[in-house]
Amino acid sequence: MKANKMSKITKHSRSLSFLHVILLALSILHAIAANMLIEGLRESRVDVWHSNWAVVTAGLIGSTVLSFILFALSFLPGIFTRPVQFVQKQLAKSQAVMFVAVVIFFASVGGSIWWFIFSPYRNFLPFRTDAFQSLSAFLVAGWAVLIFKIIWTNVDTRLIALGVVLTQGFLLKLASLLATISPTPFVIKWEENYRFYYASLLASERVYGHALPLSPVDFSLNILNGLPFLAGDFPIWFHRLWWVLLTLGLAGLTAWALTLKLNPNNRLVRWSLIIFLVLYFLQEGGVKYNLLVCVAIIFLGFSIHHPWRSLIAVLLASFWAGLSRVNWLPVPSLLAICLYLLEKRIDSKSILLYLKRPVLLGTAGLITALGAYLLVGKLPGAAHSSVETMLQQEFLWYRLLPNSTYPPGILIPVLLLSLPVFWILLTLRPKLHVIRFMGLFLSVLVLLGGGILVSVKIGGGSDLHNLDAYLTLSVTICLYAFFQKIEFDFSTEKPQIPWWMFALIVLLPFFSAAKSLQPYPSYHSEETNEALAIINQEVQEAVQEGEVLFMFQRQLLTFGYVESPLVPEYENVFLLDMALTRNETYLQKFYTDLCHHRFRLIVSEIHKNSLQGRNFAFGDENDIWYFAITRPLLEFYQRSGSIPKHNVEFYVPRPETASQCDFQSFFNSIP
């Protein structure tokens, strides 16, 4: 009797503690959101209390006050806890209330999605910050967890929070992907400028009227993206839809494949795991869908009980990796070896016998990946983007710390993402043979070190996408430990995963999904047609006298919005890569064509005729572009017009002809 009473007191104390934490967190988040909105409105020179924003601001302030009042009352059991318990008893009898609560939750998530993507205020500066979007998502999640906990008192709070975070995170990520499906003919993302073009080369004879060689840049990605071009003539929105389907489909396939290996007993747990893995693979700096093909093949094909099937899976995945990216050449082999180390105990007296299969998988996989990479290297243009030229690029070590290109810096997110896997590895050390532990530990370190090196390379991007292989292996090890699928050598006691680690693994992809919402690109047919008419007029006048080079917006040719013979050289992104690697042969050819006025018209993005430095995002890349591309371009060509809304600029040859082309001075000026 006494024990039962103590149990109730403990349960009540935990419930009260949860209320304190959630209400305090909501109070603080509401206060921060209200302050951010007011400051943003003032920076935009909006009179807060004499504008349409007065109601929204007052609502946030009112919610802040209400949260603090409820937090204070939560310490008074007679005033707060007893009414809550009474409400809980009444709600437990009503299924309708539960249904309404779920509907309100989905409506709140949908409302936030509409606000940030489709509302008339979607481009308003205060709402475009990652911090405000993340705060909004956490506020919706916090209130949802609080309300669902009041309704479902017997359900573990952690399970409620997990369900809310996964559901909301998936809906936010899905909305951000669907918002990229637009009929506008102009690029809505930087990568579209070259992805459409490289994919279309699979059907170049039909699209451009003559056969063109495939590009070695992201070869496997071009194959997947180019399948609709092989199937027929589809509008540009269909290709954007195809990218979304590839993104979701291959992430879902990989998540399902890993879930099959982990084999949770509960159906709800299985679906929750799949949703979590989809969010994890698609988080900011996650794994590109063409690379997920390698991972899915390994998860589906590897088995310690079927050596030949495992070898075939490694060979297939390694061949695809060789077609994909040079830093992924060893990844399929390493992933398969780590699965072997996780699942197979050293129960044989011969260590060499145990290591026989990992050595075979590693050797066969690496040779196959290198072979595929060399095949791609036979394509025209591959020599310009070889490993040797990549290693010549500068390493920007300052980007390890917070910087304008990637505000959090590389180290802080990497440390947060690395805490779970290294904690688990250290916990497993006494339970594993030293060979197995060192194999897992060194594999993680190799992928981590390689990812960091590529990330700090100039042109390495503004997120953690170069750590994709490391993130894949890390989450695999963590989930094997969580679902107790690791075979131990020296102990049968299963490691306990602390709650903070599980929360960290789940919340980081949720945070990424929360700040992934981007405004839906506005599409006005009249404005778009007017812009296309200007481009067509410029092109048709120029094409009568010579060649027209589309450095930028090349997809206008791909989808027939502009009629002009294609000049395959000097695509914007490839040209930037040649500048970053200081490829003298390629750049001198470019300078020669400019000097001799080969092109009657150049369609380019708007060039910034100034240096930016490291205080601006991608400042180092911009400065190299300025010296290697902008200055030579402006030396021999002049601006003739522009369409600022679509970042398009036209260049025509200068009237005077250079008597001498000083190529070396341009090349030597590149910093």
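Before going into details, it helps to say that this report is about the structure given with it. Please read these numbers as outputs of a predicted model, since none were measured by experiment.

1. Structural notes on the overall build of the protein
Phase 1 of the analysis: Summing up its helical and strand segments, the protein has 26 helices and four strands in all.
Phase 2 of the analysis: For a compact globule of 671 residues, the expected C-alpha radius of gyration is about 26 Å, and the protein comes in at 28 Å, within 12% of that figure.
Phase 3 of the analysis: Within the protein, the fraction of its 671 residues that count as buried is 51%.
Phase 4 of the analysis: Long-range contacts, defined here as pairs at least 24 residues apart, represent 73% of the contacts in the protein between residues at least 6 apart.
Phase 5 of the analysis: Accessible area for the protein stands at about 31100 Å²; split by element, carbon and sulfur atoms hold 65% of it.
Phase 6 of the analysis: Counting 50 positive and 41 negative side-chain charges, the protein places the centres of these two groups 20 Å from one another.

2. Observations regarding the packing of aromatic side chains
Phase 1 of the analysis: One pass over the structure, following the stated rule, counts 28 aromatic pairs.
Phase 2 of the analysis: Ring geometry for Phe229 against Phe559: centres 5.8 Å apart, planes inclined by 35°, an arrangement best described as tilted. Residue Phe229 is found in helix α9 (residues 219-231), and its partner Phe559 is found in the loop between α22 (555-558) and α23 (572-580); the two are separated by 330 residues along the sequence. Of the two residues examined, Phe229 and Phe559, each falls in the buried class.
Phase 3 of the analysis: Feature note: the residues Tyr570, Phe574, Tyr586, Phe590, Tyr591 and Phe599 constitute an aromatic cluster, connected by ring pairs.
Phase 4 of the analysis: Directly above the ring of Phe437 sits Arg429, whose terminal nitrogen or CZ lies 5.5 Å from the centroid.
Phase 5 of the analysis: Stacked on the ring of Tyr197, the Lys or Arg Arg554 has its end atom at 4.7 Å from the ring centre.

3. Observations concerning the sheet that holds strand β4 (residues 648-653)
Phase 1 of the analysis: Strand order in the open sheet made by the four strands is β1-β2-β4-β3, with mixed pairing throughout. Each edge of the open sheet is held by one strand with a lone partner, namely β1 (547-550) and β3 (637-643). Neighbour-to-neighbour, the strand axes of this sheet turn through a mean angle of 20°, independent of strand direction.
Phase 2 of the analysis: Note: β1 against strand β2 (residues 599-605), four bridges, orientation parallel.

4. Quick word on the nonpolar core
Phase 1 of the analysis: Core analysis: the largest hydrophobic core is formed by 142 residues, its most contacted members being Phe276, Leu277, Trp328, Ile477 and Leu479.
Phase 2 of the analysis: The greatest single-element share of this core, amounting to 11 residues, is contributed by helix α5 (residues 130-151).
Phase 3 of the analysis: Excluding residues within four positions of it along the chain, Phe276 makes contact with Leu166, Val475, Leu479, Ile505, Val506 and Pro509.

5. Some words on the packing of helix α7 (residues 192-200) against helix α10 (residues 236-262)
Phase 1 of the analysis: The geometry of α7 relative to α10 is characterised by a closest axis approach of 12 Å and an angle of 95° between their N-to-C directions. On the basis of their axis angle, the class for α7 and α10 is roughly perpendicular. Residue-level inspection shows Glu192, Arg195 and Phe196 of α7 in contact with α10, the latter providing Ile236, His239, Arg240 and Trp243.
Phase 2 of the analysis: Split by residue class, the contact of α7 with α10 holds three nonpolar, one polar and three charged.

6. A look at the pattern of salt bridges
Phase 1 of the analysis: Counted under the stated rule, the structure contains 22 salt bridges.
Phase 2 of the analysis: Between Arg325 and Asp468 there is a salt bridge, with its nearest N and O atoms 3.1 Å apart. In this pair, Arg325 is assigned in the loop between α13 (307-322) and α14 (331-343) and Asp468 in helix α19 (residues 468-482), connecting sequence segments 143 residues apart. The same class applies to Arg325 and to Asp468, which are both buried.

7. Section: the environment of Ser200
Phase 1 of the analysis: Note on placement: Ser200 falls in helix α7.
Phase 2 of the analysis: As a C-alpha pair, Ser200 and Leu396 span 196 residues in sequence and 34 Å in three-dimensional space.
Phase 3 of the analysis: Only 2.6 Å separates the side chain of Ser200 from the backbone oxygen of Tyr197, close enough to count as a polar contact.

8. Describing helix α11 (residues 267-281)
Phase 1 of the analysis: Helix length check: α11 (15 residues) gives 21 Å between terminal C-alpha atoms against 21 Å at 1.5 Å per residue, within 8%.
Phase 2 of the analysis: The set of residues buried in α11 consists of Leu273, Ile274, Phe276, Leu277, Val278, Leu279, Tyr280 and Phe281.
Phase 3 of the analysis: Residues of α11 that are buried sit in contact with α6 (157-178), α10, α12 (289-301), α19 and α20 (499-514).
Phase 4 of the analysis: You can read the cap of α11 off the contacts: a side-chain oxygen lies 2.6 Å from the backbone nitrogen of Leu268, and it is on Asn266.

9. Considerations on unusual backbone geometry
Phase 1 of the analysis: In this structure, Asp218 is a non-glycine residue whose phi angle is positive, near 50°.
Phase 2 of the analysis: Position of Asp218 among the secondary structure elements: in the loop between α8 (204-208) and α9.
Phase 3 of the analysis: The phi torsion at Phe618 lies on the positive side, around 55°, for a residue other than glycine.
Phase 4 of the analysis: Turning to its location among the elements, Phe618 is positioned in the loop between β2 and α25 (619-636).
Phase 5 of the analysis: By relative accessible area, which is 32% here, Phe618 ends up partly exposed.

10. Focus: the pairing of β4
Phase 1 of the analysis: Among the six residues of β4, six are classified as buried, and the element is accordingly described as predominantly covered.
Phase 2 of the analysis: As judged from the four bridges shared by β2 and β4, these two strands associate in the antiparallel manner. What sits directly across from Glu605, in β4, is Val648.
Phase 3 of the analysis: Turn length for the β3-β4 hairpin, with the two strands adjacent in sequence and antiparallel, is four residues, and the turn residue Asn647 shows positive phi of about 55°.

11. A closer look at the packing of α13 against α14
Phase 1 of the analysis: Two numbers describe how α13 lies on α14: the axes approach to 8 Å, and their chain directions differ by 145°. From α13, Val314, Ala317, Ser318 and Ala321 reach across to α14, where they touch Pro332, Ser333 and Ala336.
Phase 2 of the analysis: Residues belonging to the contact of α13 with α14 are distributed by class as follows: five nonpolar, two polar and no charged.

12. As for the side chain of Ser134
Phase 1 of the analysis: Checked against the element boundaries, Ser134 lands in helix α5.
Phase 2 of the analysis: Ser134 gets classed as buried once you look at its relative accessible area, which sits at 3%.

13. Digging into the side chain of Thr581
Phase 1 of the analysis: Relative to the assigned elements, Thr581 resides in the loop between α23 and α24 (584-595).
Phase 2 of the analysis: Residue classification places Thr581 among the buried residues on the basis of a relative accessible area of 2%.
Phase 3 of the analysis: A polar contact of 2.9 Å, which involves the side chain of Thr581, links it to the backbone oxygen of Asp577.

Reading the values: the criteria
- Residues numbered from 1 in each chain as written.
- Predicted model: local features only at pLDDT ≥ 70, side-chain atom pairs only at ≥ 80, totals over all residues.
- Heavy atoms only, no water.
- Helix = DSSP H or I, 4+ residues; strand = E, 2+ residues; numbered from the N terminus.
- Rg over C-alpha atoms; globule rule 2.2 N^0.38 Å.
- Buried < 20%, exposed > 50% of the residue type's maximum accessible area, 1.4 Å probe, protein only.
- Contact = heavy atoms within 4.5 Å.
- Areas by Shrake-Rupley, 256 points an atom, 1.4 Å probe, with all protein chains shown as cover.
- Lys, Arg positive; Asp, Glu negative; His and termini not counted.
- Charge placed at Lys NZ, Arg CZ, Asp CG, Glu CD.
- Phe/Tyr/Trp six-rings, centres within 6.5 Å; stacked < 30°, edge-to-face > 60°.
- Lys NZ or Arg CZ within 6 Å of the ring centre and 35° of its normal.
- Pairing = 2+ DSSP bridges.
- Axes fitted to C-alpha atoms, helices over the stretch in contact; angles between N-to-C directions.
- Core = buried A, V, L, I, M, F, W, Y, C linked by side-chain atoms within 4.5 Å.
- Parallel < 35°, antiparallel > 145°, perpendicular 65-115°, else oblique.
- Nonpolar A, V, L, I, M, F, W, Y, C, P; charged D, E, K, R; others polar.
- Salt bridge = Lys/Arg side-chain N within 4 Å of Asp/Glu carboxyl O.
- Polar contact = N/O pair within 3.5 Å; in protein donor to acceptor, adjacent residues only side chain to side chain.
- Expected span 1.5 Å × (residues − 1).

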